[in-house]
Each structure stands twice: as C-alpha cells, then as structure tokens.
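# Understanding the architecture of this molecule
Residue-level listing of the chains:
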Amino acid sequence: MGKEVLKVQDLQKSFGGLRAIDALSFAVTDGQIKSIIGPNGAGKTTLFNLITGIFPPSGGTFQFAGKNLNGLKPHDIARLGISRTFQNLELFPNMNVLENVMVGGHNHTCGGIFQAGFRLPGMRKEERRIRENALEELRFMELENKAAMGATSLPLGDQKLLEIADADKKVYLVERTPSIGGHMAQLDKTFPTLDCSSCILTPKMTLVGSHPYIDLMTYSEVEEISGYIGNFTVKIRKKARYVDAAKCTGCGICQTKCPFKADNEFEAGIGQRKAIYTPFPQAVPNVPVIDAENCAFFLKGTCRACEKFCDAGAIDFEQKEKVVEVDVGNIIVASGFDSFDPSVMLQFGYGKYDNVITGIQFERMSNASGPTDGKIVLKDGSPPHSVAILHCIGR
Ligand code: SF4
Ligand code: SF4
C-alpha cells in the first residue's frame, strides 16, 4: 500500500441541529483515486468544504502529507497542494486554456508584488517554471494542442455583483432575509441539467460572503434612495439579529438548546425551526437570528437558554436596529420573486385540503435535507397512491 497522503479521522460537522457529517474516517494513499458518492444532502460538498478550509469542522482531524489542516485558511491549504474544482465550470473567460492552468500555479510562487511588478529575473524564472508545469499538465490531459484557444465562457448573468467586485469596485449587497441564496437555495434540482441546486449555489455564496470588496448586509432593507446615476445616497435599515456576528462562531448550540419553535419559512411552512435559527445549513453568513415574535424572552422575559449555552457570548438581547447611509455610483435591483398564493383559486382547494401543495413545498419535500428527508408523503406521513401535477397556476 502507498504512503498515506490525506488522512481524515472522526470528522464531524453540524449546522445547528443538523449533523451533516458524523464521525467520518478514511485515508487516501499515494497514487490512489478515491470517489465519494451519495445522494443530495449526504454531506459530500460539506466534506470538500471542510478539507479545503471553507468551513471549520465541529470535531475530528484531517491531515495532508502528515500536516494537520485543522484551523488553516483555504489559501494555506491550497499552497500545501490541495486543489479543488467545482461542479460548475469556473474558468477565466478572457484567458486562453494555457493561461487558465497557469493561474493555479501562481499560488505556489515565492515572489512578491515588487518582483512581479519589475519582472525581476527570479520572477521570470518562476513564470517559466509555471508555464512548463502547465504545459505538462495539458499534455497529460491531451489538451496541449488547444493551449492557445480561448477558454469556455461562463454563464455570468447571475454573477453580476461578483463580477463588479472582481473589478475592484466595492459593492454593498443588501438582502432582506438573514441569508443570501434566495429561492434557489430552496430548490432540489435545477432544469435542464438536473444539477443539485445547493452544489451550484454554495460555492458562489461562500465567494460572496468572503469577498474583500463585498460588504454583505443581510437582514437589512433599503429605506430610501436619493441622488442620481453616479452619485446615489442610500439609507439601509439593518434589523437587529440579537446575535453579535463578530463574536458568533456559527456553532449552532443555541439552536439545539432553544425550546421554542415556529413555522419554518425556508421549508415553505411544512417544517418548523427554532426561535433562534439560521434559515438553512449553508446560510451565508452562518450567524443565527432571534425571531422576537416567537422568542420567550421577548414575549415573557423568561428563558435565555441560548444566552446561557453560548460560550462565545454572542447573544445580545439589547441589540437595536440601525439605519446606515452609503454613497454609491450605481444600483442593481434584483427583486427576485414571490410564489403565487394559490389559495385565491378556490377550485384547486389549496389551504382547504391538506395535501394540495405548491411547487416550492414540493421542492422542499423532494430535497434530502428537507423536512421529509426527500420523501413525497401526505400530511399524515403516508405515501400518496397517486399524484397530480398542475402547471402554470396563476398565469
Ligand atoms: S450565537 Fe453562540 S451558540 Fe449560537 S451559533 Fe453563535 S456562537 Fe454558537
Ligand atoms: S431566549 Fe428565545 S431564542 Fe433564546 S433559547 Fe429562549 S426562546 Fe430561544
């Protein structure tokens, strides 16, 4: 057997009350190709996120070439030699095939800005080495004769804000709910390729959440806009989360200890959540919010269980909403959509009969991490004998 390259021991990850990975152990040896397979929601993407340092583990260790990776930042892990590709193509559209491969090599250079800016001999030598390595990799993949061709363009329509931020322009991203992701995060599979929705979305949400030029304002709403193109002033109301985002580690203990429940908006009303909650396990930011309308402390002045069990001291019942003002040059409105309420169309019996559900409720049911663990069931938990699907209700 070859030398152990990657060793994962007793790895665990919990998001609130949901245990995504439970005591996982395996090793990958030199020259071995290991596949991780499983249904949507099995924890494959979470495992990659842990190994590449995107999420901290809740327990366990993982080592690469004998070095402990726990606590390392993603760029440090990448420098050690762990690279990741995503289910969706993430190419630089304006670069050719060779340049796209060379970008990966720059993570392993020793030169700084000064050497690069003045193109000193050491830097030129490193660039030659990166180029030769990239050509070698293209040869291995039998792509050498395509090195000068333009790389495939990405579909960029839904990445507009990220694009602007990548151009070194500061972006304020204002989101009404406690997490970015929108309805896409509620979907199970997406048309036409039947890709897993969260597999496409999670890496993009993580990029937005950690982007140095994006100031993410979740649980916030635009109050007022004045000015003109190139010179707007925007008033933004930041609602109180009652959790200090700077102190919160996202451990989720508060949610497991909270004794009070309410209808879960993310599950479109077919599941419940706690009074302190993150909307879904991959939420960005991974900071819970207290729903004051269903919290015992705000209703009766009792409980405070979340505060008692939060070792980070992040619960802040005194937190107040505040209005901030920002100056911006341009505004992009991405209003999204709301599902049509079919209860106004009495002939379909939505709201009257238990087992008439909407498309979004069906999506949550068919999702392995949804309230029915991916099973299509009636309200009493039994499987339906037959299902009728009605399209275009409300058009
Ligand atoms: S508020 Fe405290 S207990 Fe809750 S997730 Fe944050 S750090 Fe953990
Ligand atoms: S104080 Fe409110 S949010 Fe905290 S545990 Fe009690 S009911 Fe839940």
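Here the residue numbering is sequential within each chain, running from 1 through the sequence in written order. Going through the entries in the order they are written, you letter the chains from A and number the ligands from 1. Per-residue local features of the predicted model are confined to residues with pLDDT of at least 70, and side-chain atom pairs are confined, for both listing and counting, to 80 or more; whole-chain, interface and lining totals are unaffected and use all residues.

## Overview of the site of ligand 1
Selection criterion: Defining nearness, a residue is near a molecule or strand when the C-beta atom obtained from its backbone falls within 6 Å of it. Each residue is assigned to one class: nonpolar for Ala, Val, Leu, Ile, Met, Phe, Trp, Tyr, Cys and Pro, charged for Asp, Glu, Lys and Arg, and polar for all the others, Gly among them.
For ligand 1, the set of nearby residues contains 13 residues, the closest of which are Cys248, Cys251, Cys254, Cys310 and Ala312. Along the lines of polarity and charge, the residues of the shell around ligand 1 split into 10 nonpolar, 3 polar and no charged.

## Notes on the sheet that holds strand E9 (residues 220-228)
Think of a sheet as strands paired side by side through backbone hydrogen bonds, with each pair either parallel or antiparallel. Note the cut-off: If DSSP finds at least two bridges between two strands, the strands pair. Put simply, DSSP marks the helices as runs of H or I at least four residues long and the strands as runs of E at least two long, and each gets a number from the N terminus on. To define axes, lines are fitted to C-alpha atoms, for helices over the stretch in contact only, and angles between the resulting N-to-C directions are given on a 0 to 180 degree scale.
In spatial order, the strands read E9-E10-E15; together these 3 strands make up an open sheet with antiparallel pairing. Here the strands that pair on one side only, and so sit at the sheet edges, are E9 and strand E15 (322-328). Taken over all neighbouring pairs, the strand axes of this sheet differ in orientation by 20° on average, direction set aside. In terms of strand pairing, strand E10 (residues 231-238) meets E15 through 7 bridges, oriented antiparallel. Looking across to E15, one finds that isoleucine 236 is bridged to valine 324.

## Points about the site of ligand 2
Taken together, Cys258, Phe260, Ala275, Ile276, Ile290, Cys295, Ala296, Phe297, Cys303, Arg304, Ala305 and Cys306 form the complete shell of residues around ligand 2. For the shell around ligand 2, the secondary structure elements donating two or more residues are helix H9 (296-300) and helix H10 (305-309). Partitioned by chemical class, the residues of the shell around ligand 2 number 11 nonpolar, no polar and 1 charged.

## Considering the nonpolar core
It is characteristic of soluble globular proteins that their nonpolar side chains tend to be buried jointly. The line we're drawing: To define a nonpolar core, we join buried Ala, Val, Leu, Ile, Met, Phe, Trp, Tyr and Cys residues through C-beta atoms within 7 Å and take the resulting set. A residue is called partly exposed when the number of other C-beta atoms within 10 Å of its own lies between 12 and 20, exposed at 12 or fewer, and buried at 20 or more, with C-beta atoms placed from the backbone. Any pair of residues counts as being in contact when their C-beta atoms, constructed from backbone geometry, are within 7 Å of one another.
Counting 19 residues, the largest nonpolar core has Val243, Cys254, Cys258, Ile276, Ile290, Cys306 and Ile315 as the members making the most contacts within it. Of all the secondary-structure elements, those providing two or more residues to this core are strand E13 (276-277), strand E14 (289-290) and H10. Filtering out sequence-adjacent residues up to four positions away, valine 243 remains in contact with Cys248, Val287, Pro288, Val289, Ile290, Ala314, Ile315 and Asp316. Membership of the second largest hydrophobic core comes to 13 residues, among which are Val8, Phe15, Ile21 and Phe62.

## Description of the sheet that holds strand E3 (residues 59-64)
Spatially, the 4 strands line up as an open sheet ordered E2-E1-E3-E4, and their pairing is antiparallel. Pairing within the sheet leaves two strands with one partner each, and these edge strands are strand E2 (18-29) and strand E4 (67-68). Pairing between E3 and E4: 2 bridges, direction antiparallel. Its bridge partner lying in E4, glutamine 63 is registered against asparagine 68. Contacting strand E1 (4-15), E2 and E3, helix H1 (residues 44-51) runs over the sheet at an angle of about 65° to E2.

## Considering the confidence of the model for the protein chain
As a reminder of what qualifies: Scored between 0 and 100, pLDDT is the confidence that the predictor attaches to each residue.
In the predicted model, the protein chain carries a mean pLDDT of 83, and the fraction of residues at 70 or more is 84%. Confidence, expressed as mean pLDDT per element, reaches its minimum in the protein chain at helix H6 (residues 160-166) with 49 and its maximum at E14 with 98. When the criterion is pLDDT under 50, residues 152-163 qualifies, and its contacts beyond four places in sequence or with other chains add up to 16 contacts.

## Brief notes about the pairing of E10
Two faces make up the sheet, and in a regular strand the side chains alternate between them. Pairing of E9 with E10, which is carried by 8 bridges, proceeds in the antiparallel orientation. Within the sheet, the bridge partner assigned to glutamate 221 lies in E10 and is arginine 237. Here E9 folds back onto E10, and the loop between the two strands holds 2 residues, one of which, glycine 230, carries a positive phi near 95°.

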